Amino acid sequence: MTITSALALFLTWIQLSFLLGEQPKLGIYIVMSKNILKQLGQFFVVYLPTLMAFACTFSIILPTSEIFQNIVMSNLKVIVMMVGEFNFEDRIKHKEHMFEDETSSIYTLMVIFFFCVLMVNFLGNLMMGMVVQNVSELKKEAETYMITETLENMQETEQTFF
């Protein structure tokens, strides 16, 4: 019952956002948000294998870490780590029982380093650059879309009454 209520409340707020999007002044931002979410979705589909590679690697090389024992949680943690939240002291720091030997310790630190360089710095900046670069173009598209929607609504209203 609680999950159903939470889902219904969430979907209600999303629907309210879409209803606000029908207003000419606010709709531009809703349309831009939809386009950006679509671009981010495409971005994640392309880089999903890389995310999975790091999640599986962390699950294997850090078997005593709670968060990396389950592959689903490992994937979520890798996505959270992609925005820069590592909890390095709690999750990854060198503990006597975490690594089998010095080679595993060095390998683990190398994987973490490559993750920071590739996923956090490179892909994070690429993703933000992609969104920022397209903002002016998205705004123009959204304005055109909103003008079209307004005209269609006016035409529907006119046909209803006349």
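Residues numbered from 1 in each chain as written. Predicted model: local features only at pLDDT ≥ 70, side-chain atom pairs only at ≥ 80, totals over all residues. Heavy atoms only, no water.

## Section: the layout of surface pockets
Roughly 180 Å³ of internal volume is contained in the largest pocket. Lining the largest pocket, in full, are Phe-18, Gly-21, Glu-22, Ile-30, Val-31, Lys-34, Tyr-145, Met-146, Glu-149 and Asn-153. Those elements that place two or more of their residues in the lining of the largest pocket are α2 (24-61) and α6 (135-161). Considering each element in turn, the lining of the largest pocket owes the most residues, 4 residues, to α6. (1 Å grid on protein atoms, 1.4 Å probe; cavity = no way out; pocket = protein on both sides within 12 Å on 5 of 7 lines; lining within 4 Å. Points joined across faces, edges and corners; volume = space filled by probe spheres on them. Helix = DSSP H or I, 4+ residues; strand = E, 2+ residues; numbered from the N terminus.)

## With respect to the packing of aromatic side chains
Under the definition given, this model contains 7 aromatic pairs. Between Phe-113 and Phe-114 the ring centres are 5.7 Å apart and the planes differ by 65°, which places this aromatic pair in the edge-to-face class. In this structure Phe-113 comes out as exposed when scored by relative accessible area, which is 51%. Looking at Phe-114, the relative accessible area reads 49%, which means it is partly exposed. In this structure an aromatic cluster arises from ring pairing among Phe-54, Phe-58, Phe-68 and Phe-115. (Phe/Tyr/Trp six-rings, centres within 6.5 Å; stacked < 30°, edge-to-face > 60°. Buried < 20%, exposed > 50% of the residue type's maximum accessible area, 1.4 Å probe, protein only.)

## Side note on helix α3 (residues 71-82)
Taking 1.5 Å per residue, 12 residues should reach 16 Å; α3 reaches 16 Å between its end C-alpha atoms and fits that length. Taken together, the buried positions of α3 are occupied by Ser-74, Asn-75, Lys-77, Val-78, Met-81 and Met-82. Down the axis of α3, the buried side of the element spans an arc of 165°, and every buried residue falls inside it. Sitting at the amino-terminal end of α3 is Asn-70, which places a side-chain oxygen 2.9 Å from the backbone nitrogen of Val-72. In the stretch just after α3, Gly-84 is the one whose phi turns positive, near 110°. (Expected span 1.5 Å × (residues − 1). Arc of directions from axis to C-beta. Polar contact = N/O pair within 3.5 Å; in protein donor to acceptor, adjacent residues only side chain to side chain.)

## Observations concerning the packing of α2 against α6
Across the interface, α2 lies against α6 with an axial gap of 8 Å and an inter-helix angle of 125°. What the angle tells us is that α2 and α6 run oblique. As α2 runs across α6, the sense of the crossing is right-handed. Across the interface between the two elements, Pro-24, Gly-27, Ile-28, Tyr-29, Val-31, Met-32, Asn-35 and Ile-36 of α2 pack against Val-135, Leu-138, Lys-139, Glu-141, Ala-142, Glu-143, Tyr-145, Met-146 and Thr-150 of α6. Here the contact of α2 with α6 is composed, by residue class, of 11 nonpolar, 3 polar and 3 charged. (Axes fitted to C-alpha atoms, helices over the stretch in contact; angles between N-to-C directions. Parallel < 35°, antiparallel > 145°, perpendicular 65-115°, else oblique. Left-handed = near helix turned anticlockwise from the far one by under 90°. Contact = heavy atoms within 4.5 Å. Nonpolar A, V, L, I, M, F, W, Y, C, P; charged D, E, K, R; others polar.)

## Some thoughts on α2
Side chains three or four residues apart in an α-helix point the same way, a direct result of the helix having 3.6 residues per turn. Over its 38 residues, α2 extends 53 Å from the first C-alpha to the last, a length consistent with the 56 Å expected when each residue adds 1.5 Å. The largest bend in α2 comes to about 55°, at Tyr-47, with the proline Pro-49 one to four residues further on. (Bend = angle between axes of the 7 residues up to and from the residue.)

This is a description of form; function is not addressed.
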